[in-house]
Every structure is written in structure tokens, then in C-alpha cells.
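The lines below spell out each chain.
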Amino acid sequence: MKWTKILIRYGELTTKGRNRKQFIESLRRNIKQTFSDLDTLKINAERDRMFLSANKEEEMEQLIKRLPSVFGIHSFSPVAICEPELGKIKEKAVEVMETLEYEGKSFKATVKRSDKSFPLETNELLQEIGGFVLSKFPEIHVQMKKPDIELIVEIRKEAAFIMAEVIPGPGGMPVGSNGKSLLMLSGGIDSPVAGYFMMKRGVKIDAIHFHSPPFTSERSKEKVMDLAERLSRFGSEVRLHVIPFTKIQQEIHRQVPENVSMTSTRRLMLQIADEVRDDIGAKAIVTGENLGQVASQTLESLTAINAVTSTPVLRPLITFDKLEIIDVAKKIDTYDISILPYEDCCTIFTPASPKTKPKLEKVEFYEGFTDFSEMISEAIQNREIITFPRKEEQSFEDLL
Ligand code: ATP
Ligand code: MG
């Protein structure tokens, strides 16, 4: 049997009064981009729902397979459409049932008679259609409350719509509907997960990575590129800005006592990130920081790092347990990349015992001996920008 269309139900969008139009437009755009490989896709966005269709059966299958990863979709249903005529509707209902695993399942039919001029009343329709289906499938039994299968028939003037499955989407909001942020992306487990959560809230992401060759290898950079590519699969292109950071790190190493050099490193990273953020027109910076995980992640330390900017620094994972983060990293397929061995430019110069409560005045005092501004501009100018378009070969059905 051929599904004619796919009906998409908006998630939180429907509660967003004034902004609804913009959200729907973002979702439409993301679906278009996500499925740019499908030649015959048609999108019809209505106020309360969206219809997708494709002329080729394999393209319809692709839609069903990949829609569960598109943020902003609450749920969706494949829909069969036929002429609004009782005999045709009954036949179609049976065809729809045949696509399901029905044996031993409970069943209920629901009829929505939107076309009030249709010759049969709702109850008559229910009896006709329900009775016909039951006669064809003796393996099923009727159950009104929470049936395994609910066959929904909507009769409109132009056609009858039949559906039987409600497939959950990931929820959230369409990427791009909440502006843009710059994600500080290391090769670790946390920052890709932080980026994912921002995208799920509708925020488009550019990523920035600090790279210190020859102390960090080409492979560690490639690893971060792989992570950026993974994130681009969630509905939007991701640009990665790779910052040459060696010179600055060596200067910190020379000027700042070991026990606060980690704080200084973070402060310089944040300063650079802030300038890049400004340059690309992003509104906030995102990190994978998490309270108490390491020395640089105490409240005192975060305060000393944060003092270099008044730009909002968003830390979606701040309260997460490591195990919770790992769980998500596995689901979004970044975990296996993150655990590959790599040298992080921070850890490479990390002293044996960094201060867990660095004093801001002290850090500022030591940094004061060097004018970093030129080195910062140079690093930003020499950055490499790599763009990752969304790729589609994978399905996310089993996540989220
Ligand atoms: P992650 O798993 O994300 O590396 P982590 O728990 O290892 O986090 P840190 O290494 O202290 O913690 O890093 C804290 C945050 O600082 C990271 O989540 C990331 O946002 C940012 N960060 C660290 N190193 C880099 C880097 N080389 N380039 C860009 N951002 C970085
Ligand atoms: Mg790290």
C-alpha cells in the first residue's frame, strides 16, 4: 500500500501565539534542508499541522525513517488518502491495517466527520468501517480504552484521510527559531552534548575549537571535526572555527604561575570565543561545563573565567551527572568519537594541582604583564573555518 501523505503535529509550537508563524516557517525550512536529497518532496504548512508528500515510495519511506530526528516535531502519522466514498474508505482502511502488526492486538476505530454533508452519520460510519475491518481481521479484538491500534478516519469534502500510527518526534523547537550561539567544542564528552541540547531548543550552532599544534595532533582536530559533523545531522549546518592557540598557550605558560594557568587559559579562550561570536552575529556562548567535575569547574573558577565578558555564557549541562551526560552522548552518537584518545590543548599544559578557588585579582595581576590583544587578533584572523552540511545516512528512530 502507498501512503499518500505524512501529517506532522507541531510540538510546543502550538502554544507560541505570536511567534507561531515564524516557528512554522523554521520547521518548514529545516525539513526542506534535512530532506534536500529527496527530489519530489512537497511541504504544505498549515496553522495547526503540516503535510508532507513525495511521489516516490522510497522517498516516503525516507521521510518516515528520518523525521523522528527533526526538532520541533511532536509526532507524525503516515496518512492514506482516498475518495470520500464508503466502499473506498473501507477498502483503504483494510489496506492500512495490513501495514501493521495486528495479530492479537486490541483495536478501535475513530471517525471524524469534518464534511457534514457526508451521507452517513458518525456512528453509522463507525459501525460500517469498524465492522468491516473486524470481519477481515478476526485476530483483533475491540477495546475502547487505550487500544493497541487506533484507526483514525477523517472525512473531508475533498478526500478521506486514514491513519493508524502516531510516531513520536523529538519535540523541542526547530533549529534556528531561537537565534544563534557559539559552542566551545572540545574533543571531550560534554561539549557536543551541550551543543545538542541547544539545538533542541531551536538554537543554531557555530562551534569554536582551540588547537595547539604540535602539542595537539592533527587527529585530535579531526576528532572535533567529526563531532561537528555529527551535530550537523540535527537539522542544520554547523560551521567549525579552528583557532591556532599554541602561541597564546606558550605565553601563558611563561607568564602565569602554574597553579592559575588553567584559569588564564580558559579566560583567553573565552575572550577569543567572544570576539568570534561577535563577528558571526551570535548572541551567546555555550560550553559543556559542569559543576564540580574538574578544578576549572568550581563556582569560584567559573567566576574568574567569566569575568572577561558580559556575554551570556550558557552551560546546559551544569547540573548533570556524568552518567546522564554519557547516556545522551551515546544516544546522539557522539560518545564513540569523544572517547577516542586525544590531547586537549587545556590538559596538555595542565599543572598537577590547579587551584580550585583561583583569585580573580591574582589571575588578572599575572596576565597584566603581557599584552595579549595582538596575539588574540592574530589567532582569530588565522582561524580555519570548516562547514558541515547536514548528512542523512543515519536514522535516529531509537533515540530521544
Ligand atoms: P568536555 O567533555 O566538553 O571536554 P570537560 O568536562 O572535559 O568537558 P573541560 O575540559 O574542563 O571539561 O572543558 C570545559 C569546557 O570548556 C568544555 O565543555 C568546552 O566547552 C570548553 N573547552 C575545553 N577545551 C576546549 C577546546 N580545546 N576548544 C574549545 N572549547 C574547549
Ligand atoms: Mg575536556
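Check the entry above for the structure.
Residues numbered from 1 in each chain as written. Chains lettered and ligands numbered in written order. Predicted model: local features only at pLDDT ≥ 70, side-chain atom pairs only at ≥ 80, totals over all residues. Heavy atoms only, no water.

*Asks:* Got a minute to help me understand the sheet that holds strand E14 (residues 313–314) in this structure?
*Replies:* Two pairing modes exist for strands in a sheet, parallel and antiparallel, and in both the strands are linked by backbone hydrogen bonds. Ordered in space as E14-E13-E10-E11-E12-E15, the six strands form an open sheet in which the pairing is mixed. Taken across any chain shown, the strands that pair with only one partner, and hence form the sheet edges, are E14 and strand E15 (384–388). Note: strand E10 (residues 180–184) against strand E11 (residues 204–211), five bridges, orientation parallel. For Leu182, the partnering residue across the bridge sits in E11 and is Asp206. (Pairing = 2+ DSSP bridges. Helix = DSSP H or I, 4+ residues; strand = E, 2+ residues; numbered from the N terminus.)

*Asks:* Got a minute to help me understand the pattern of salt bridges in this structure?
*Replies:* Opposite charge on two side chains permits them to pair, given that their charged atoms come into close proximity. Summed over all chains, the structure comprises 23 salt bridges. Of the charged contacts, one joins Glu218 and Lys221 as a salt bridge, the two residues approaching to 3.6 Å between their closest N and O atoms. Pair noted here: Glu218 and Lys221 are both in helix H6 (residues 218–232), with a separation of three residues, about one helical turn. Take Glu218: its relative accessible area is 46%, and that puts it in the partly exposed class. Measuring nitrogen to oxygen at the nearest pair gives 3.0 Å for the salt bridge that ties Arg254 to Glu251. One end of the pair is Arg254 and the other is Glu251, both in helix H7 (residues 246–255) and three residues apart, which spans about a single turn. When salt bridges with common partners are traced through the structure, they connect Glu46, Arg49, Glu154, Arg156 and Glu158 into a single cluster. (Salt bridge = Lys/Arg side-chain N within 4 Å of Asp/Glu carboxyl O. Buried < 20%, exposed > 50% of the residue type's maximum accessible area, 1.4 Å probe, protein only.)

*Asks:* Is there a simple way to explain the environment of Glu251 in this structure?
*Replies:* Of the residues examined, Glu251 reaches a relative accessible area of 12% and is grouped as buried. Along the chain, Glu251 and Thr265 lie 14 residues apart, while their C-alpha atoms are 10.0 Å from each other. Beyond its immediate sequence surroundings of up to four residues, Glu251 is in contact with Thr370, Phe372 and Met375. (Contact = heavy atoms within 4.5 Å.)

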